[in-house]
Structure formats: structure tokens, C-alpha cells
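Observations on the model geometry
Now for the letters of each chain:
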Amino acid sequence: MQERYLGDVHDFFKYRFLRHLASATSFRIGLNWYLTRPEDVDPPKRKDGEQRFHLLGNDKKQWRGWDSDLFEKLVLFKDAEQRRMPYFYRRQILDPHVSYFDEYVPITSKQADEWHQRALYNLRDCDFVFLDPDNGFEVKSARGRRAAKYANYSHVSDYLSAGKAVVCIQFARQCDPIQKAMEIREKLKSQIGDAKVLPIIRGRLSPNLLFVPVAPQEKISETATAIHSFVETAPPIGNTRVRAE
């Protein structure tokens, strides 16, 4: 996650899900930002992160109708100068009881391992943790500085072993999102077993957005119920649809 993305359409989707989770479950929620600096991980002058049609386009009334309070709180981020973490926290966009881990992801592997251990410790009291890397799960081509843009499959396994339900964000760029979801599911199964892999939420945006959930046995029912109720209550907006795959 990068500050310049704050309030974009993918963020709306993410925050709406976490707000739903806070109201539909008894979980104490944690958000691990996987925060990165663009100058550390991206080519110079990259211009992504400007997908704000939910605030500016013809369908903005429908986005407001989905969650008017969230919509109004994100309007601030139309201004690029306001896209800073302190402004996010001041707006109380999520439940005040949500815990955050917002250290920048280091760009060396040893420091990244230590960062992950600090994240586990800081979010130790949470029942549910949302992982928010720039791109999603690790891929073979992600080496060097770019590795900071991805979550490791072992990170999910570690949170699961600590008794937490977990969702990791995944962008499906230039690929079949359903096929991508199936590939990720199979990799997760190889590490944590079939019973813990839950339906993957797909947001038909550009690019497609996937929320990949897993849960320990004692949290499967509550997590699955929250996922299905989120999908069932999400309205169709323009070409945007929400599905559980």
C-alpha cells in the first residue's frame, strides 16, 4: 500500500468490506498496511493510483448510496496533498477499535523478516487481520526492492497459526481473475489445508480486485457468514460487481 493510493476506488472497496466486518462479526480487526514508498519500489514518475471515478464519475451517487459516510470521508483524498496516513487516521474511516501496523516494509530480506515479526506482535490481540500489500501474493519475478510490494504465503500461515482469520488483497492485472484466484487457492491449500480456505471475494474493477480469506477452524463459520453477507448486500454499480468465487 502507498499513501498516494489513499481513497481510490480499490480503497473504497477495502474499507467498505472492513466496515461490514466490524458490524457483522465480533472480531477485533487489524490492518497491516504493507506500506511502501514509491521511490523505493517503483519506476520514477509512475502515475497509477488515480482511479477515483467513484468520487468523480457518473456513478458517484450510487457509490455514495452504498455507504454515504464512507463516501464523504474519502472525498478529502481527491486532493493528492491530503493523501497522508495522519489524515486517514483523523478521519476515523474505520472503526476506532481497529488496530494498525504501519511501518514501511524494508527492502532487504532480513529486515523484512524482522518487520513481519513486529507486525505479528503488534497485531497479537486481533482476531482478524487484513494484509494490504501493493500487488498481492509473492511471485517468482518479484526480486530485490520490488519484493516489498508482495505478501509472502508464509505470512498468512503465521497469522493463521496464531489463531487469526486473515484476508490478503490481490490485484488481478492482465490475467484471468478467476484463474488467478484458483492458483492462489491451490498454493494456500498446499500450506494450510483445504478446510481453512474460504470463498474468494472478487470486485470487478479495473484491475479486478480479489480478497483472499483463510481462517482457523473456530473462526470459519463467522468469517464465511460475513463474506457472504458482504457479497449479498453489495449493490451493482455501473460495471462493478461483487462476487464470491
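The structure reproduced in this document is the subject of the present report.

With that settled, consider the environment of R143. Its location among the elements puts R143 in the loop between β4 (136–137) and β5 (150–151). Of the residues examined, R143 reaches a relative accessible area of 62% and is grouped as exposed. Through-space distance from the C-alpha of R143 to that of Q217 is 34 Å; in sequence the pair is 74 residues apart.

Moving on to the side chain of H116. Within the element layout of this structure, H116 appears in helix α7 (residues 109–122). The contact partners of H116, leaving out residues within four places of it in the chain, are H155, D158 and Y159.

Strand pairing in a sheet relies on backbone hydrogen bonds, with the paired strands running either antiparallel or parallel. Strand order in the open sheet made by the seven strands is β2-β1-β3-β6-β8-β7-β9, with mixed pairing throughout. Each having just a single partner strand, β2 (99–101) and β9 (242–244) make up the two edges of the open sheet. Each neighbouring strand pair of the sheet contributes to a mean axis angle of 20°, computed without reference to strand direction. Where strand β6 (residues 165–172) meets strand β8 (residues 208–214), seven bridges bridge the pair, whose relative direction is antiparallel. Paired with V166 across the strands is V214, a residue of β8.

Calculation rules
Residues numbered from 1 in each chain as written. Predicted model: local features only at pLDDT ≥ 70, side-chain atom pairs only at ≥ 80, totals over all residues. Heavy atoms only, no water. Helix = DSSP H or I, 4+ residues; strand = E, 2+ residues; numbered from the N terminus. Buried < 20%, exposed > 50% of the residue type's maximum accessible area, 1.4 Å probe, protein only. Contact = heavy atoms within 4.5 Å. Pairing = 2+ DSSP bridges. Axes fitted to C-alpha atoms, helices over the stretch in contact; angles between N-to-C directions.

These figures capture arrangement, not role.
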